[in-house]
Amino acid sequence: MAIESSCDDTSAAVLCNDKVLSNVVANQGIHSAYGGVVPELASRAHQQNIIPVVQQAIQRANIDKNQLKAIAFTRGPGLMGSLLVGTSFAKSFAQGLNIPLIPVNHMQAHILAHFINDETQKKPPFPFICLTISGGHTQIVKIASYFDMEILGETLDDAAGEAFDKSAKILGLPYPGGPLIDQYAKLGNPNAYPFTKPRVGPLSFSFSGLKTGILRFIQKNVQQNPNFIKENRNDICASIQHTIVQILMDKLKNAVKQTDIKHIAIAGGVSANSEIRKVLTESQDKYGWTTYIPTFAYTTDNAAMIGITGYLSYIQNNYSEINNVATARLKVSE
Ligand code: KG4
Ligand code: ZN
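Residues numbered from 1 in each chain as written. Chains lettered and ligands numbered in written order. Predicted model: local features only at pLDDT ≥ 70, side-chain atom pairs only at ≥ 80, totals over all residues. Heavy atoms only, no water.

(A) Layout of the domain arrangement of the protein chain. Under the domain assignment, the protein chain is made up of domain 1 (2-112 + 300-314) and domain 2 (122-293). Taking only C-alpha atoms, the centre of domain 1 and the centre of domain 2 are 27 Å apart. Contact between domain 1 and domain 2 buries roughly 1,400 Å² in total, counting both sides, with carbon and sulfur atoms accounting for 74%. When the area that domain 1 buries against domain 2 is broken down by residue, the three leading residues are Met107, His110 and Ile111, summing to 37%. (Domains from an automatic or database assignment. Buried area = accessible area lost by both parts, 1.4 Å probe.)

(B) Just the site of ligand 1, in detail. Taken together, 19 residues form the shell around ligand 1, and within it Gly135, Asp165, Asp182, Gly269 and Asp301 come nearest. For ligand 1, an oxygen atom lies 3.2 Å from a polar atom in the side chain of His110. In this structure, Asp182 approaches ligand 1 through a side-chain N or O atom, which is 2.9 Å from a nitrogen atom. Relative to its unbound accessible area of 550 Å², ligand 1 is 91% covered by the protein chains. Breaking the shell around ligand 1 down by element, the ones donating at least two residues are α3 (106-112), α4 (160-170) and α5 (178-185). Split by residue class, the shell around ligand 1 holds five nonpolar, 11 polar and three charged. (Near = heavy atom within 4 Å. Polar contact = N/O pair within 3.5 Å; in protein donor to acceptor, adjacent residues only side chain to side chain. Areas by Shrake-Rupley, 256 points an atom, 1.4 Å probe, with all protein chains shown as cover. Helix = DSSP H or I, 4+ residues; strand = E, 2+ residues; numbered from the N terminus. Nonpolar A, V, L, I, M, F, W, Y, C, P; charged D, E, K, R; others polar.)

Have a look at this one:
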């Protein structure tokens with residue numbers, strides 16, 4: 001069984017080796033009114049959700065809890081209060097059942113979700129490059145083996161998910177705005193409004209300047225036409241999305257040039273974005289890359305990815321002591 005509670009989704013999954021038997025995710029709608037995740041509210045909602053979510057995962061997997069062989073849990077990175085709920089639950093459950101406890105690094109898990117045995121996705125060979133794009137992280141990682149990961153480049157400020165969510169907030173859209181921008185962008189012109197791309201190192205990202213640029217652009221236009229957002233929402237969303245995807249692709253191209261590795265994966269919540277999925281698929285013919293796009297259910301936070309990482313640890317006899325603690329800051333290489 002795997003437990004994930006690092007941010008605002010409470011999730012539990014049951015796996016049999018590398019196959020997912022159930023993967024239950026409870027989203028916390030409460031944050032939408034605040035334009036972002038409110039940590040204290042997230043911890044409280046995890047407390048309410050954890051037992052029903054675990055019960056449902058066991059029920060849907062059609063097993064008895066006494067059949068469980070180990071408990072994997074997200075140790076970090078994430079919000080401390082949120083992590084504590086999952087960590088404490090996992091420890092108690094493992095102790096109650098007298099089975100091993102496996103700590104999992106959430107960022108490794110996003111990447112290792114590619115190794116879930118599921119006919120809708122293919123497993124990348126080592127070494128491969130992964131662009132991990134989520135609400136809290138944006139990294140280019142070189143994966144030499146399951147637990148040998150090296151960050152080649154990352155964001156200097158905001159994450160790609162934040163770039164989506166903060167742009168959405170400027171447009172008056174609720175949190176999380178990423179999926180909404182994706183939805184409206186499908187109906188708009190991606191070249192309607194050019195936004196300036198940041199000038200940083202070849203494998204570094206920066207999204208805070210783009211956010212300020214979008215804010216100024218919107219303020220200027222709304223001053224001239226109060227209905228500017230309403231009348232041009234689809235074009236604005238398509239242009240923002242296009243700029244973010246172009247930035248991500250530019251960096252991936254630099255990573256391929258630097259490493260000569262052409263097996264390219266994406267992971268994390270933003271990898272659910274339809275344009276990055278499309279552009280990456282096209283890059284197979286365009287640049288000769290082989291690309292690995294995770295099944296939709298394993299992109300945003302979910303416990304199945306914690307489960308596969310736990311399984312890969314388990315078969316290497318990598319268990320945890322019961323005194324293992326939640327760690328808010330944890331690098332993908334740790
Ligand atoms: O990986 P994730 O679920 O949580 C973190 O670990 O941060 O990522 C959440 C992020 C949010 O910023 C959300 O807006 C973004 O993923 N996201 C998307 C899409 N679906 C989720 N961004 C763009 N397009 C999407 N379709
Ligand atoms: Zn995540």
